[in-house]
Amino acid sequence: MPDNQDNILKNAVNLLNDGKLVAFPTETVYGLGADASNLQAVEAVFKAKGRPQNHPLIIHLSNMLAMSEWARDVPDLAWQLAETFWPGPLTLVLPKHTRVLPAVTGGQDTVALRVPNHPITLKLLTLFGGGLVGPSANRFGRISPTSATDVEEELGDKVSLILDGGRCSVGLESTIVYVTNEYIQILRRGMIHEEVIASKISVPILLDQTQAIITPGMSVSHYAPLNRVHLVLSKYFNNYIDKLIKLDKTPSVLSFMPKPEGFNILWHQVNLDFTEYARNLYSNLRHLDKSGCTDIVVELPPNQIHWAAILDRLKRAAAC
Ligand code: TXA
Ligand code: MG
């Protein structure tokens, strides 16, 4: 962001007050921002994304105290989680306050809230003073954007302003948890995983996404590139690619291994570092998708808790 950041943010607030859409950076992915209290603005978000209206939106707040303006009967546990993890990549689903527009929650009685950890967006939220809905700033079903350029590519003609906050540091969408005083339930995996949460709180953590609460917008084939994605175990990897090539396909590859001799294809080698992998996953998929390939072949990451959110997104990308 250039020196005149204050002016840009003032302009962003004016646009938001006028019901316009402003894309904002967060530590996870870029959000498509609009005033959560303005029905027309919220409707414009659904329209811009091509998103079904029963898929609820997360409301972004500048600080945890604002939680009680948007949720009712906030459990102590939610305050504890907010205190521990906000600002950060955790979204809390709570009983909604009457002021929350039904359009935001897809008609549900719960609302999803989060304080994102990005200096520009925290300033924007503070200056704006209200809540901002912020679905990932991509067209429905596509890969979430992790840079301002990605947003431009996805929704450039639909937003009034894109706030450029550089590359997202986490790179995967926030962990979403439904919170009660008796238990919490993970509705979407993210880089704050259940063991991290369990180390801070003492109630049971449910992982079964089918129980107790509906989560529209968790369709299996989400976060998808245009080309088919194949997830392949390391031991079958090179054979698998060989077979695709023999079938006249042009695979592009994301692998922990170096490119073997004789393969004349785009081969992107990555490190076995889950933080770095998550940060770059979506930009890597975008890059491979644009490479003129017919298929994207991804080596399965390790089956470990630190990789669980990454694996979740890869499975969704491969599920089309
Ligand atoms: O990291 C993130 O969460 C990003 C950044 C921009 O904050 N936002 C994001 O929003 O990923 P979106 O709209 O792409 O995904 C939000 C998910 C939806 O899949 C929806 O199912 C879930 O949040 N959600 C929202 N409100 C909910 C509710 N009341 N109950 C259950 N799930 C909810
Ligand atoms: Mg999304």
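Thresholds applied
- Residues numbered from 1 in each chain as written.
- Chains lettered and ligands numbered in written order.
- Predicted model: local features only at pLDDT ≥ 70, side-chain atom pairs only at ≥ 80, totals over all residues.
- Heavy atoms only, no water.
- Helix = DSSP H or I, 4+ residues; strand = E, 2+ residues; numbered from the N terminus.
- Rg over C-alpha atoms; globule rule 2.2 N^0.38 Å.
- Buried < 20%, exposed > 50% of the residue type's maximum accessible area, 1.4 Å probe, protein only.
- Contact = heavy atoms within 4.5 Å.
- Areas by Shrake-Rupley, 256 points an atom, 1.4 Å probe, with all protein chains shown as cover.
- Axes fitted to C-alpha atoms, helices over the stretch in contact; angles between N-to-C directions.
- Parallel < 35°, antiparallel > 145°, perpendicular 65-115°, else oblique.
- Left-handed = near helix turned anticlockwise from the far one by under 90°.
- Core = buried A, V, L, I, M, F, W, Y, C linked by side-chain atoms within 4.5 Å.
- Pairing = 2+ DSSP bridges.
- 1 Å grid on protein atoms, 1.4 Å probe; cavity = no way out; pocket = protein on both sides within 12 Å on 5 of 7 lines; lining within 4 Å.
- Points joined across faces, edges and corners; volume = space filled by probe spheres on them.
- Nonpolar A, V, L, I, M, F, W, Y, C, P; charged D, E, K, R; others polar.
- Arc of directions from axis to C-beta.

Visitor: Could you clarify how one ought to interpret the overall build of the protein chain in this entry?
Guide: When helices and strands are counted, the protein chain shows eleven helices and 14 strands. In terms of C-alpha radius of gyration, the protein chain reaches 20 Å, essentially the compact-globule figure of 20 Å for 320 residues. Here the C-alpha coordinates of the protein chain stretch approximately 60 × 45 × 35 Å along the principal axes. Across the 320 residues that make up the protein chain, the buried fraction comes to 55%. Nonlocal contacts in the protein chain, meaning residues at least 24 apart in sequence, comprise 66% of its contacts between residues at least 6 apart. Carbon and sulfur atoms form 50% of the exposed surface of the protein chain, whose accessible area is close to 13,900 Å².

Visitor: What am I meant to see in the packing of helix α1 (residues 5-17) against helix α6 (residues 119-128) here?
Guide: In a pair of packed helices, the angle between the axes and the distance between the axes together describe the arrangement. Between α1 and α6, the shortest axis-to-axis distance is 10 Å and the interhelical angle comes to 55 degrees. Overall, the two elements α1 and α6 adopt an arrangement that is oblique. Crossing handedness for the pair α1 and α6: right-handed. Residues Gln-5, Asp-6, Leu-9, Ala-12, Val-13, Leu-16 and Asn-17 of α1 lie in contact with α6, whose contacting residues are Ile-120, Lys-123, Leu-124, Leu-127 and Phe-128.

Visitor: In this structure, what is going on with the side chain of Asp-289? I would like to understand it.
Guide: Positionally, Asp-289 belongs in helix α10 (residues 274-289). With residues up to four places along the chain from it excluded, the contact list for Asp-289 reads Arg-142, Pro-225, Leu-226, Asn-227 and Ile-296.

Visitor: Which parts of the structure should I look at to understand the nonpolar core?
Guide: Grouped burial of nonpolar side chains is what soluble globular proteins tend to show. In terms of nonpolar packing, the biggest core is built from 51 residues, with Ile-59, Leu-81, Leu-92, Leu-113 and Ile-197 touching the most fellow members. Beyond its immediate stretch of four places on either side in the chain, Ile-197 contacts Leu-81, Phe-85, Leu-90, Val-177, Ile-184, Ile-186, Ile-192 and Ile-205. Tyr-223, Val-229, Val-270 and Ile-296 belong to the second-largest nonpolar core, a separate cluster that totals 22 residues.

Visitor: Before we go on, may I ask you to explain the sheet that holds strand β13 (residues 267-269) in this structure?
Guide: Strand pairing in a sheet takes place through backbone hydrogen bonds and is either antiparallel or parallel in direction. Strand order in the open sheet made by the four strands is β11-β14-β12-β13, with parallel pairing throughout. Looking along the sheet, the strands with just one partner apiece sit at the ends: β11 (228-232) and β13. Averaged over neighbouring strand pairs, the angle between their axes works out to 15 degrees when direction is ignored.

Visitor: I'm lost on empty space enclosed by the protein in this one. Help?
Guide: The gaps of empty space that remain are located by a probe, the size of a water molecule, rolled over the atoms. If you walk through the whole model with that rule in mind, you get two cavities of 30 Å³ or more. Empty space within the second largest cavity amounts to approximately 30 Å³. In terms of lining, the second largest cavity is formed by Thr-175, Ile-186, Arg-189, Gly-190, Ile-192, His-193, Glu-194, Ala-308 and Ala-309. Of the residues contributing to the lining of the second largest cavity, the split by class is four nonpolar, three polar and two charged.

Visitor: It is not clear to me how helix α11 (residues 308-318) should be interpreted in this structure. Could you clarify?
Guide: Counting along an α-helix, one turn takes 3.6 residues, and residues three or four places apart therefore face a common direction. Most of α11 is tucked away, with nine of its eleven residues classed as buried. Looking at α11, one finds that the buried residues are Ala-308, Ala-309, Ile-310, Leu-311, Asp-312, Arg-313, Leu-314, Arg-316 and Ala-317.

Visitor: How should the sheet that holds strand β7 (residues 161-162) be read in this particular structure?
Guide: Ordered by their spatial adjacency, ten strands build an open sheet running β7-β1-β2-β6-β3-β5-β4-β8-β9-β10, and the pairing between neighbours is mixed. This sheet does not close on itself; its edge strands, each paired only once, are β7 and β10 (205-206). Pairing of strand β8 (residues 175-179) with strand β9 (residues 184-188), which is carried by four bridges, proceeds in the antiparallel orientation. In the sheet register, Tyr-178 faces β9, and the bridge partner there is Gln-185.

Visitor: For this particular structure, what's the right way to read helix α4 (residues 76-85)?
Guide: Of the residues making up α4, those classed as buried are Leu-77, Ala-78, Leu-81, Ala-82 and Phe-85. Around the axis of α4, the buried residues are gathered within 135 degrees of arc, so they sit on the same side. Along α4, the residues that are exposed and aim more than 90 degrees away from the buried face are Asp-76 and Glu-83. In this structure, the buried residues of α4 make contact with α3 (67-70), β4 (90-95), β8, β9 and α8 (194-198).

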